[in-house]
Structures are given as structure tokens and as C-alpha cells.
Amino acid sequence: MSLVQQLQTRSGNKCELCTSETNLSVYEVPPTSNANADNSILVCKNCLDQVEKSEQLDAGHWRILTETMWSEFAPVQVVAWRMLSRLRNEGWAADSLDILYLDDETLEWAKKTGDHEQEGTVEFHQDSNGARLFEGDTVVLIKTLDVKGSTLSAKLGTVVKNIRLVHDNTEQIEGKVEGQTIVILTKYLRKG
């Protein structure tokens, strides 16, 4: 029996976190070296995007954890604990976290990624108007910028195509202006 089939059987073909029955996939609960039923869960796309921080946390979506956190399966308990920790500013999540018991080994696994130390909000690259930016987007400069260490001046209205996001700083992107790759602050551009 494949891993997907094992998880489908175990979960009744539902997301093990929110019980949704659509867009299900296998999520290997980090850190893992090889996926198996003891370190993976079946999750919907909505849960996966929020767990992996590619979308903002929707606290209302996670209220179901007050029920699903009681799963007998350790990987479900680990992800539930991590998500409740990220949502700890919500009263119901803090209460649930207080009563969720994990054995020592499972709690150690849950703490390994450090997710529980971060708050629930996720920062994304956004332009001056608050629109989310993605790799490959086209942007327009809303201010003339002098490029440090160069005689180049990026003029107001310059179109910058195929941007790259600076992964460790949500306030910066990289793009080519007149054939030169430069770093641009997101507050000086708008999505094209």
C-alpha cells in the first residue's frame, strides 16, 4: 500500500488538520529524512499553504484544531501544536495549547523547527500600494533612484521586468535596469 493510500485510509480521505475533503496531498512533517506514515499527514491545500507560510494565517480556519489536535497520530499532534503555538495570541488557541499533552519525544519533535517561537503573521514582499509581489513580476519605479556605487540613475516610470525577491529581506527586490542588476526597495515601486 502506498503512503498516500495509507494516509487516506487513516484519515478517512480528509485533511487531518481541518477535515476538508478537497485538494489533499501528503505533507512530510519536518524534520524528516524519508517520508512514511509515522512522519507524514494528509492535508488540504489551504492548510498546507498556511503551514508552509506561503499564505497568511486565517485564525478562523484553524478553530477546528480544538478537535483534530486529539488525533492519536504523532505527526498530526506535532503540526497541531506548531499551529496552535503560532496562533497563541488567540484566546481559544492558547487555551487549547494549555491542555494539549504531547509525550516528551513528540514535544521535542514539535520544537525542532522553531516555528513555535514565531508569531502567526507572515511577511511578504509588497509594493508601495500593498500588492503582493512574486518572483518574475514586472514593476514600475515610482521615484527616480540613484544607484549606489554607480553613475546609473533609475528614472521614475522605469519598468523592471522579471524581478527576483530578496529572500531574507521583504523590503527589497532585485531587478535589471539598463543591463545592470540592482537592489530596489519595495516602497519605491508598484506592480506593473
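The structure this text deals with has already been given above.
Residues numbered from 1 in each chain as written. Predicted model: local features only at pLDDT ≥ 70, side-chain atom pairs only at ≥ 80, totals over all residues. Heavy atoms only, no water.

**Examining the environment of V51**
Here is the rule we go by: By definition, any uninterrupted DSSP run of H or I lasting at least four residues is a helix, any uninterrupted run of E lasting at least two residues is a strand, and each is numbered from the N terminus. Contact definition: two residues touch when any of their heavy atoms are within 4.5 Å.
The residue V51 is located in helix α2 (residues 45–51) in this model. Note: C-alpha distance between V51 and G114 (63 residues apart in sequence) is 13 Å. Contact partners of V51, with chain neighbours within four places excluded, come to L17, Y27, W62, V79, M83 and R86.

**What about helix α4 (residues 74–86)?**
Convention followed: To estimate the expected span of a helix, count its residues, drop one, and scale the result by 1.5 Å. Note on exposure labels: buried denotes an accessible area under 20% of the residue type's maximum, exposed denotes more than 50%, and partly exposed covers the range between, all computed with a 1.4 Å probe on protein chains only.
Taking 1.5 Å as the rise per residue, α4 with 13 residues should run 18 Å; its terminal C-alpha atoms sit 18 Å apart, in good agreement. Along α4, 12 of the 13 residues are buried, which leaves the element largely enclosed by surrounding structure. Residues P75, V76, Q77, V78, V79, A80, W81, R82, M83, L84, S85 and R86 constitute the buried set of α4.

**Brief notes about the sheet that holds strand β6 (residues 159–160)**
Selection rule: Here, a strand pair is defined by DSSP locating no fewer than two bridges between the strands.
Strand order in the open sheet formed by 3 strands is β6-β3-β10, and the pairing between neighbours is antiparallel. For this open sheet the edge positions go to β6 and β10 (189–191), each flanked by a neighbour on one side alone.

**With respect to the nonpolar core**
The tendency in soluble globular proteins is for nonpolar side chains to be buried as a group. Cut-off, in case you're wondering: Note on terminology: a nonpolar core comprises buried Ala, Val, Leu, Ile, Met, Phe, Trp, Tyr and Cys residues joined through side-chain atoms within 4.5 Å.
Grouped together as the largest cluster of nonpolar side chains are 31 residues, with contacts concentrated most on L17 and W62. For this core, the elements supplying multiple residues, two or more each, are β2 (40–44), α2, α4, α5 (91–99) and α6 (104–111). For this core, the element with the most residues is α4, which contributes 7 residues. Excluding residues within four positions of it along the chain, W62 makes contact with L17, C47, Q50, V51, L57, M83, L87 and W92. Formed by 15 residues, the second largest nonpolar core is a distinct cluster that contains L152, L165, I182 and L189.

**Describing the layout of surface pockets**
Formally: Of the grid points, spaced at 1 Å and generated over the protein atoms alone, those admitting a 1.4 Å probe that cannot get out make up cavities, while open sets with protein on both sides within 12 Å along at least five of seven lines make up pockets; any residue with an atom within 4 Å of a point is treated as lining. Grid points are joined across faces, edges and corners, and a volume is the space filled by probe spheres set on the points. Gly is put with the polar residues, along with every residue not named as nonpolar or charged; the nonpolar set is Ala, Val, Leu, Ile, Met, Phe, Trp, Tyr, Cys and Pro, and the charged set is Asp, Glu, Lys and Arg.
Approximately 210 Å³ is the volume found for the largest pocket. Those elements that place two or more of their residues in the lining of the largest pocket are β4 (145–146) and β9 (180–185). If one sorts the elements of the lining of the largest pocket by residue count, β9 sits on top with 4 residues. Classifying every residue of the lining of the largest pocket by side-chain character gives 7 nonpolar, no polar and 2 charged. Looking at the second largest pocket, its volume works out to about 150 Å³. Each residue belonging to the lining of the second largest pocket can be placed in one class, and the counts come to 3 nonpolar, 4 polar and 3 charged.

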